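# Overview (structure and organization)
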Amino acid sequence: MQLFNQFQWDRASLRIECSDRTFECGDALIEEDVDSGQRTWRWDVLAVSISCSQDQAVRSITFHNHGVHDIHMRNIGLEWKPMDVSPYLDARSYVQLHHSQCFEKLAGVRPVHRPNDWSDPAEASSMVTVISRRLPGEALLLGALPPYEDCFVSFPILHESAHRDGAFGLSVQLASPRRMSSNSEEVLAHLIILHGKEGNLLLEQYAELIRNRLPQSLQSKRVTGWNSWDYYAGAVSERDIVENTRTSQEQFADSIRYIVIDEGYQSQWGIWEAGWKFPNGLKALCETIRADGFEPGIWTAPLMVNCSTSLYREHPDWFVDDKAGNPYHVSIGYGSMAQLDITHPEVREHLCTVYTQLRQAGFTYFKCDFTQMLLGASRFSRDDITPASMLRELFSLIRESIGEDAYLLACGAPYEAVIGFADSHRTTGDIHHYWSHIRQNIRSMFARWWMQGTVGNTDPDFAIVRCDRTTDDVLLSRRLPKKPWHSGANWYAGREMNLAEAQTLLLACYLTGGDMVLGDALQHLNEAGLAILSTVLQEPIKRGVPINLFDYDGDDLPIVVAQGEGRKLLAIFNLSDDYRPRKLPQPFAGLKGPHEEFWSRKPITILAAEEIIMEPHTAQAWWVSEA
């Protein structure tokens, strides 16, 4: 990999930012230990070392404070600056896999040199990134590995010029704002650089490294269920849960495991008890759900507390602050919210009680949301750990309270903070019945294909099908404003989805191999809608691989191949707004055999050898015989 030779650990420069001083590598004494492969930068009482693993592949970054005073650290950066000598990396010739810190922002493959309609390369990729050359294929992966320590890792692009059309380099940033005690040392991160010809192969290698370094085997068998949020939102009532539970039993029986009560049941945010719309209480509702053959699930936002609650009024010291020492509040559609301080001992006791009681009420599935909001706060009860460790402690506490046998979905938490504690991780933004949501979610779920079965299960959000062809319900959802679509719009923009777009979404969700959770008002669906949902609740498959993820047309026209039981599932997508020709890849083009069309289950003796004209916003898929 000649073009990526400059990205070697011994060629990186180092920069440390503390609260009162910045340390540059040019001022450091650099020590090399040839036998161990360790390199150390020293500035008087402060030092940073990079040490090798036994196989010489993984590098561990350690911060040392040899002084008698505490140091308030902020950030450590390793940099490979742009090179203007040949061969240099021309930004116009490369794309980057952008992996956002959590589901709130999109993931996908984007140009290195310019923004597109969903992302700006000025925003650094988190946890992992892949740089891939268009032609011919060369790729570089930079990634963080477990055990994930007390920092967040990101990978900014370094451009030689503000116009971004010239040479570029890369950086590794370790964000670890906290107080480092005197005469102490801390391992901050474990990093890997992989070189290869194809980005997907590097992601597979990266996934294998993660699996091998996790302390325990994480559950990888997908789960199925129904969740109240997408149709009912905060207006959900006990009657709605009961109706959908009964319909689930009638229509899907053993194909669904969990019935999940989402936002709207609670007294107030932070008071996770049944409100007035659930007059019989949560325990009785769990018993009703279990009587119909399902397991009960519940949504919570562990750290969020409405500022109008007695909990907030009576415990002012339980909450985090901003930089000025004022309460850190987040304003959302449900009011002004404060954030519990997990570093406060009494908060830990409170949260332990909350989740122990929810488990005792009968819940065995826990969806924990909005914990990423903690990242905006600045002051905590303790100052010797970072938000990364705070969130890790939070999910460790929740896991201990609900038990190892309960299913835990991390929805919104930065991945590095919760891998190893959660069974499933949300990989996309909120889905709603609009194409503007569908396209962005498909992009993210395919960019994170490698996470399924690596860090547990992936959650591509809800599988929804309601449209004018699948339900007689004239509402479809609560009344929403009509907004025209425009480039970059991705929230309730444009028209509501049609049948082809619904099938495109459901096929993509199925191809992830991850959790399959339904989100419609099931009792309002007609036979067509129920049949489509039954299809994606069939036999689970192994995660699908978007084989053209890094190709020039991979963003609009993804091709995905997944392994089923004795056969493969081949799918082609057109996520663009125009008709596009698409030819099946080898070895599938013209392949003979007892194949089957995915939706209709119609037998096919030979796959198309010529170009297929794909309509906008559609997908086609075939079960391909391996005989």
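Higher on the page you've got the structure.
Residues numbered from 1 in each chain as written. Predicted model: local features only at pLDDT ≥ 70, side-chain atom pairs only at ≥ 80, totals over all residues. Heavy atoms only, no water.

### A look at the packing of aromatic side chains
The geometry of an aromatic ring pair is captured by the separation of the ring centres together with the interplanar angle, meaning the angle of the planes. Put simply, the test is: Side-chain rings of Phe, Tyr and Trp (the six-membered ring for Trp) are treated as a pair once their centres are within 6.5 Å; stacked means planes under 30 degrees apart, edge-to-face means over 60, and tilted covers the remaining angles. Each helix is a run of DSSP H or I of at least 4 residues and each strand a run of E of at least 2, with the numbering of both proceeding from the N terminus. Note on geometry: a ring has a charge over it if NZ (lysine) or CZ (arginine) is within 6 Å of the ring centre and within 35 degrees of the ring normal.
For the structure on display, the rule yields 23 aromatic pairs. Measuring from centroid to centroid gives 5.5 Å for Tyr94 and Phe168, while their planes differ by 70°, and the two rings are edge-to-face. Pair noted here: Tyr94 is in strand β8 (residues 94-98) and Phe168 is in strand β15 (residues 168-180), with a separation of 74 residues, a long-range link. Ring geometry for Tyr312 and Phe319: centres 4.9 Å apart, planes at 65°, overall edge-to-face. Through successive ring pairs, a cluster of aromatic residues spans Trp269, Trp272, Trp299, Tyr334 and Phe370. A cation over an aromatic ring shows up here: Arg426 above the ring of Phe103, its NZ or CZ 4.3 Å from the ring centre. Across from the ring centre of Trp229, 5.9 Å away, lies the NZ or CZ of Arg478, which sits over that ring.

### Notes on the environment of Ser336
Stated precisely, the cut-off is as follows: What makes two residues a contact is simply this: any of their non-hydrogen atoms within 4.5 Å.
Inspection of the secondary structure puts Ser336 in strand β24 (residues 335-339). When residues no more than four places from it in sequence are discounted, the contact partners of Ser336 are Val305, Asn306, Cys307, His329, Val330 and Ser331.

### Concerning the sheet that holds strand β32 (residues 567-574)
As a reminder of what qualifies: Note on pairing: two strands pair once DSSP finds at least 2 bridges between them. Fitting a line to C-alpha atoms yields each axis, with helices limited to the stretch in contact; the angle taken between N-to-C directions then spans 0 to 180 degrees.
Across the sheet, which stays open at both edges, the six strands sit in the order β30-β31-β32-β37-β34-β35 with antiparallel pairing between neighbours. The outermost strands of the open sheet, each flanked by one partner alone, are β30 (545-546) and β35 (603-606). As paired strands, strand β34 (residues 592-597) and strand β37 (residues 618-625) are joined by two bridges and run antiparallel to one another. Counted as the bridge partner of Glu596 is Trp623 from β37. In the packing of helix α10 (residues 499-511) onto the sheet, contacts are made with β31 (559-563), β32 and β37, and the angle to β32 comes to roughly 135°.

### Some remarks on the nonpolar core
Heads up, the condition is: Only buried residues count toward a nonpolar core. Its members are Ala, Val, Leu, Ile, Met, Phe, Trp, Tyr and Cys residues joined through side-chain atoms within 4.5 Å. Any residue under 20% of the maximum accessible area for its type is buried, any over 50% is exposed, and the rest in between are partly exposed; the area is computed with a 1.4 Å probe on protein chains only.
Residues Leu511 and Phe573 are the most contacted members of the largest nonpolar core, which totals 119 residues. Examining the composition of this core, we find that nine residues originate from one element, α10, more than from any other. One finds Phe63, Val112, Leu188 and Ile192 within the second-largest nonpolar core, a separate group that totals 73 residues.

### Describing the side chain of Glu263
What counts is decided by this rule: In this tally Asp and Glu are treated as negative and Lys and Arg as positive; neither His nor the chain ends contributes. For this document, the term salt bridge refers to a Lys or Arg side-chain nitrogen within 4 Å of an Asp or Glu carboxyl oxygen. Between N or O atoms, a polar contact is any pair within 3.5 Å; within protein, one atom must be a potential hydrogen donor and the other a potential acceptor, and residues adjacent in sequence are included only when both atoms are from side chains.
Along the chain, the position of Glu263 falls in the loop between β18 (258-261) and β19 (266-268). No salt bridge is formed by the buried Glu263; its nearest oppositely charged neighbour, Lys277, is found at 6.6 Å. At 2.5 Å, the side chain of Glu263 and the side chain of Gln266 are in polar contact. Polar contacts involving the side chain of Glu263 include one to the side chain of Trp269, which spans 2.9 Å. The residues contacting Glu263, other than those within four sequence positions of it, are Trp229, Ala233, Gly234, Val236, Trp269, Trp299 and Tyr334.

### Quick word on the pairing of strand β20 (residues 271-274)
Both β19 and β20 contribute to a ladder of two bridges, which runs antiparallel. Note that in β20 the partner of Gln266 across the bridge is Ala274. A loop of two residues connects β19 with β20, the two strands running antiparallel in sequence, and Gly270 in this loop sits at a positive phi of about 100°.

### A few points about unusual backbone geometry
Of note, the amide linkage connecting Pro146 to Pro147 takes the cis form, showing an omega dihedral of 0°. The amide bond that connects Gln586 to the next residue, Pro587, takes the cis arrangement and shows omega of 10°. Tracing the backbone shows Pro587 in the loop between β33 (580-582) and β34. Even without glycine at this site, Ala233 takes up a positive phi of about 50°. Within the fold, Ala233 resides in the loop between α2 (229-232) and α3 (238-251). The class for Ala233 is buried, based on a relative accessible area of 4%.

### Let's talk about the sheet that holds strand β22 (residues 304-306)
By definition, the strands of a sheet pair up through backbone hydrogen bonds, in either a parallel or an antiparallel sense. Pairing within the open sheet is antiparallel, and its three strands lie in the order β22-β24-β23. With one partner strand each, in any of the chains shown, β22 and β23 (329-332) form the two edges of the open sheet. Adjacent strand axes in the sheet meet at a mean angle of 40°, parallel and antiparallel pairs treated alike. Of the pairings in the sheet, the one linking β22 to β24 comprises three bridges and is antiparallel in character. From the neighbouring strand, Met304 faces β24, where its bridge partner is Gln339.

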